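Okay, here's what each chain looks like letter by letter:
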Number of protein chains: 2
Amino acid sequence: MAKSLHIYLQIANNIEQKINSNVLKVGDKLPSLRTVALEKGVSLSTAQQSYFELESRGLIESRPQSGYYVSYSHKHFRNIPQTSQPVIANSTDNIEDLIFTFRNNISKAKVELSTGVPALELLPVAKLNKALVNATRKLSDSGLNYDKSGNGTLKKQIAFRSLMWGGNLKEDDIITTSGSMEAISFCMLALAEKGDTIIMESPVYFGLLHLAKSLGLNVLELPTNPVTGIEIEALKKTLEKKKVKLCILVSNFSNPLGSCMPDENKKAVVKLMEKHNVPLIEDDLFGDLYFGTHRPSCCKTFDESGIVLLCSSFSKTLAPGYRVGWVAPGKFKDKIARIKYYHTLYATSITHEAIGSFLENDRYENHLRKLRQSLHRSSLQFLRCISQYFPDDTKVTNPQGGLHLWLELRKKADTIELYNTAMANKISIAPGRMFSLQNQYNNCLKLSCGLLWNEKVEDALKILGKLAMK
Amino acid sequence: MAKSLHIYLQIANNIEQKINSNVLKVGDKLPSLRTVALEKGVSLSTAQQSYFELESRGLIESRPQSGYYVSYSHKHFRNIPQTSQPVIANSTDNIEDLIFTFRNNISKAKVELSTGVPALELLPVAKLNKALVNATRKLSDSGLNYDKSGNGTLKKQIAFRSLMWGGNLKEDDIITTSGSMEAISFCMLALAEKGDTIIMESPVYFGLLHLAKSLGLNVLELPTNPVTGIEIEALKKTLEKKKVKLCILVSNFSNPLGSCMPDENKKAVVKLMEKHNVPLIEDDLFGDLYFGTHRPSCCKTFDESGIVLLCSSFSKTLAPGYRVGWVAPGKFKDKIARIKYYHTLYATSITHEAIGSFLENDRYENHLRKLRQSLHRSSLQFLRCISQYFPDDTKVTNPQGGLHLWLELRKKADTIELYNTAMANKISIAPGRMFSLQNQYNNCLKLSCGLLWNEKVEDALKILGKLAMK
C-alpha cells in the first residue's frame, strides 16, 4: 500500500546515508547537478530537488559559483544518552504542581519547543474543514445524535490501515474513543484497581504516570534504552519478582525518548506478557511518523492471544482538537466497551465521521508523506543547532520518527531552572523531572520538533543553548 | 431574561389548569372562540391558536358544527407511584447483561419509547450545521488544535445562563467536558475511591449506578418521591449512621422518576451536605426542560461553601452527538481540572465552539420554548394513552418537565418479559429492573416522551398496553 518514494527523495536519502556513515565528510564537495542527473538518469530539475531536500535537512550547503558542500557530518551528532537507570523509590515532592505550572504557561511562550503535536501549518486545515462540512451532509442526522456503535467508516479505515503494521484488525475489533489518552484511561479503569502495580518505560510521558497515580496504581518505572525502548531483561526480572497487573508501552517513537522497539523486542514483550498473564496497553500514537522507508510494526502485530490492547489516535497526524482515537482491546473488548459506556457514553459523532471519510482515499497518505518529511527535516535541524549552540557535553537522542528529542545536560544542570529562564525569554521546554514520579532526570529536558522549521526556531535554540551554558 | 409567554399559551395554560382542578369536566362545552376573543381582548385567530394548543395536548376535542369540548380530565390521571422503598442488600444477579442487551437492541426498535434524548425532528439541525461551519471560520485554527482552556464563548454563556436558576457562576468557575456523564465520571474519580460509599436516588439512571460500581464504590439507593425527589429524612438518617463519601442527585426532572425537588428540599440537602462534609454531585441535565412558567432552581443555587459540583450538558436540548457538557465544581475545581487532564486531556474544540456561539443570541431560548411545548404536549398525550390503553391498576408519574414517565404495573407484572414481547413488536421500553443494583422494580418501566408525537407512537402505546394486560 505504501507508495514508492519520489526519485528525488531516493537520491537525497542515499546521499544522507553516505554523510551519516562518514563516506562523505564535512567540507567535501558534492557532484555537480549535471553529474547527478546523468548518473541517475534523471532531469536536472530532479537532481536540483534532491539537493534542495538535503539543504532543508541541514546536511549540505551551496556556495555561490562553486557548488554544493557537505556542511554537517555524523561525527557532529552528539552522544546518545545511555539506557535510563530509574530510581525505584517513593518520592515525596509534589511534581503535579510543576506539571500544571508548565501546562498553564504554555500559551505564554512565543516559541513552543515542548508542544506534543505538529504545528498547524503542517496540518491539512482546508481539507479537514471540507471533510467536516461533507460529514454534516453525509450523516442523516448531521452528527447531532449519539454515535452509538462508533463511526463505521472510521473503524473500517483503521482496520484497513492495520495491514501497514502487519496487523489484521477487523472493523468489529475496534472501539472508538476521544483521543488516545481516553483509550488508555478506559484500559486502566477496566483492568487495574487501587493498589495494583503497573509497569512503564522511564522516562515516560507524564500524563500516563499521573493517570495511573490518580487511580491509586503503583508505577514501576523500568530502564529504557533511547534507541530500542524498554529493557527486556529488566522487564523479565520484574515480572518474575513482582505481581504486576498491567504493562503500558509506547512502542514506536515514544515521548520523550523517541525509542522504537525492534521486532524481536516486541515479540519478546508479547511472550513475556502471555507467560505472566499481564495485559499490555500499547500506545502507538506516533507509529505513522517514521522517518525511514518502512512503518514499524506494533507489539500487537505479534499478539495471537489478544493480550495486547492497542491504542492510537489521529491527534499527532491530523487534528488534535477533533478528539479521534481508538483502541483494539483484544480479548478485553467487552470490558472496555462497558467502561466507555459508563464513563462517557459516546464520542463526538461529526469529527469521527470527518476523519473517517478523510482516510477513505489517498489524501491521508499524501499528507503523511509530507508531514514525515517536514518532521524529519526539522529534527535534523534541531540536532544541528544543538550541536552548534549547546554545551559540548550535551547528549541528545537521534530518533527515527516522532516528534521528540531528549537531551541530557551535565550532571549538575537543573532543567527546572532552565525552564524558568527559557520562559522568561518566552521559549517553552519540558523539564526532565516531569517524566518520572521519582526525583530524577533533573538534568534532562525534552524538545519537540513539531514546529515548522524557520529562523525564529533557530534563534530560540541559540538562546536556549546559551542559557544551558550557565 | 425569560420572555413572557405568548398570549395564546397563557390562555391555553389557564384552561388546562381549570381542567386539572376539575372546574372543567369531561364533556363540558368550552366557550366559543368569539367569546374567548372578546373576554381576553385578543383576535379570533389567537383564540383559535389556544384551542389548537389544547387539542395538541390531548385535553379538548372539536365536534363539527358544535364547538369544543373537554375530552380529558384530571380524574383520568392515573395514580402516581408512592415514594420508593428500595431494598438495601447485595444483589447477585448480573444486571449488566440486561443493560447491554437493551443498549445493543435499541437500533432494532421501530418505535423507540426508551430514548433518553429528544427526537431529531425537535432539534435545530440546520442552524447547528451553520453554527458548525461558522465555528471553523471563527476559530483561527479551525478547531484543529487542542481546546486547552475550555471554549471561552461556551463558558461565558453557561455562566450568563446561571442567572436563570438563581446561580451566579463566573466563566472561570466552569470546566467543559464531553457531555454530562464525563463530568460526573471526573467528579467520582476525583472524590471517591474503591470501597467508599455513595448515595443516590432510587430508582436512578442505570449509567450512574454502573459508573459507581465500576469504580468499586458502594451505592446506597435511598427512598425517593416521584414528585419531590429524594426523601430528606432518609438522607439525614443515612448521613448520621454511615460514613458517606459522596452524594449524587438529579434534582430536576430526574431520569426515570421525573421528580423535581422543591426549593426547601434543595436547601435542606445542601445544609446536610455541609454539616456532614459530603460533596454533592448535582446533575441538572433536564433543568431547562420545565413545562411550567419558571425554570426550577438547583441545589447549587443555595450552595455558599462550594460543596456542590453542578454538572450539565446540551445533550438533552441541542445535540447529543456534539458531546458538550460542563461542571461547575465549586471548591473542588483544581482536582477536577487535573482528572480531566489525565483522563482525556481536552474536549472537542469545534463542537464546543459551535454550541457556545449558538447560545450567544436568542436562538437557544426560542428553540427551548418550542422544545418544551413539544415535550409537554407529548407527555400529556402519553398520559392520555396510558389511561386509555393500559391496565386499570397502572400507576404513572405526572412530571412537570423532562423526558421520562415511570410506570408501575401490578405487583406480579414482569417488565423484562414485557420488554421482550414489546421488542418482538419492534417497540423499545426500559424495564424498571435496570434502574437499581438490587433485585427490585421488576413490575415497573420507564417510557420516554422525547419522540415527536404522532399516530405511530399512539399505536405503539396501544400495543404496549395490550401486552401489559397479559
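Here, every reference points to the structure presented above.
In short, a report on the structure.

Reading guide: rules and limits
Residues numbered from 1 in each chain as written. Chains lettered and ligands numbered in written order. Predicted model: local features only at pLDDT ≥ 70, side-chain atom pairs only at ≥ 80, totals over all residues. Heavy atoms only, no water. Patch = residues over 30% accessible without salt bridge, like charges linked within 9 Å, V, L, I, M, F, W, Y side chains within 5 Å. Areas by Shrake-Rupley, 256 points an atom, 1.4 Å probe, with all protein chains shown as cover. Salt bridge = Lys/Arg side-chain N within 4 Å of Asp/Glu carboxyl O. Lys, Arg positive; Asp, Glu negative; His and termini not counted. Charge placed at Lys NZ, Arg CZ, Asp CG, Glu CD. Helix = DSSP H or I, 4+ residues; strand = E, 2+ residues; numbered from the N terminus. Contact = heavy atoms within 4.5 Å. Buried area = accessible area lost by both parts, 1.4 Å probe. Polar contact = N/O pair within 3.5 Å; in protein donor to acceptor, adjacent residues only side chain to side chain. Nonpolar A, V, L, I, M, F, W, Y, C, P; charged D, E, K, R; others polar. Axes fitted to C-alpha atoms, helices over the stretch in contact; angles between N-to-C directions. Parallel < 35°, antiparallel > 145°, perpendicular 65-115°, else oblique. Left-handed = near helix turned anticlockwise from the far one by under 90°. Least-squares fit on C-alpha atoms with pLDDT ≥ 70 in both.

## Let's talk about a positive patch on the surface
Residue and element names in this part refer to chain A.
In step 1: Taken together, the side chains of Lys-236, Lys-237, Lys-241, Lys-242 and Lys-275 present a region of like positive charge at the surface.
In step 2: The element best represented in the positive patch is helix H9 (residues 232–241), accounting for three residues.
In step 3: Secondary-structure assignment places Lys-242 in the loop between H9 and strand E9 (246–249).

## Regarding the interface of chain B and chain A
In step 1: In this complex, chain B contributes 59 residues to the contact, which on the side of chain A involves 59 residues.
In step 2: Both faces combined, the contact of chain B with chain A buries some 5100 Å², and carbon together with sulfur accounts for 59% of it.
In step 3: Counting the surface chain B buries against chain A, the share from its top three residues, Leu-144, Tyr-146 and Tyr-342 of chain B, is 16%.
In step 4: Taken together, the connections running from chain B to chain A amount to six salt bridges.
In step 5: The salt bridge involving Asp-97 of chain A is made with Arg-338 of chain B; its shortest N-O contact spans 3.1 Å.
In step 6: Between chain B and chain A we count 21 residue pairs in polar contact (both at pLDDT 80 or more) in total.
In step 7: Of the residues contributing to the side of chain B that touches chain A, the split by class is 30 nonpolar, 17 polar and 12 charged.

## Description of the packing of helix H4 (residues 95–105) of chain B against helix H8 (residues 206–214) of chain B
Residues and elements named next belong to chain B.
In step 1: The contact between H4 and H8 brings their axes to 12 Å, and the two run at 135°. Between H4 and H8, the angle is such that the two are oblique. Considering the relative orientation of H4 and H8, their crossing is left-handed. Facing Ile-95, Glu-96, Ile-99 and Phe-102 of H4, the residues of H8 in contact are Phe-206, His-210 and Lys-213.
In step 2: Looking at the contact of H4 with H8 residue by residue, the class counts come to four nonpolar, one polar and two charged.

## What about the relation of the copies chain B and chain A?
In summary, the two copies of the chain are related to each other by a rotation about an axis coupled with a shift along it.
In step 1: Screw-axis analysis of chain B against chain A gives a translation of 0.0 Å along the axis, an RMSD of 0.1 Å, and a rotation angle of 180°. Here the copies are linked by what is in effect a two-fold axis.
In step 2: Of the residues that chain B buries at the interface, 100% are likewise interface residues in chain A, meaning the two copies contact each other through the same surface.

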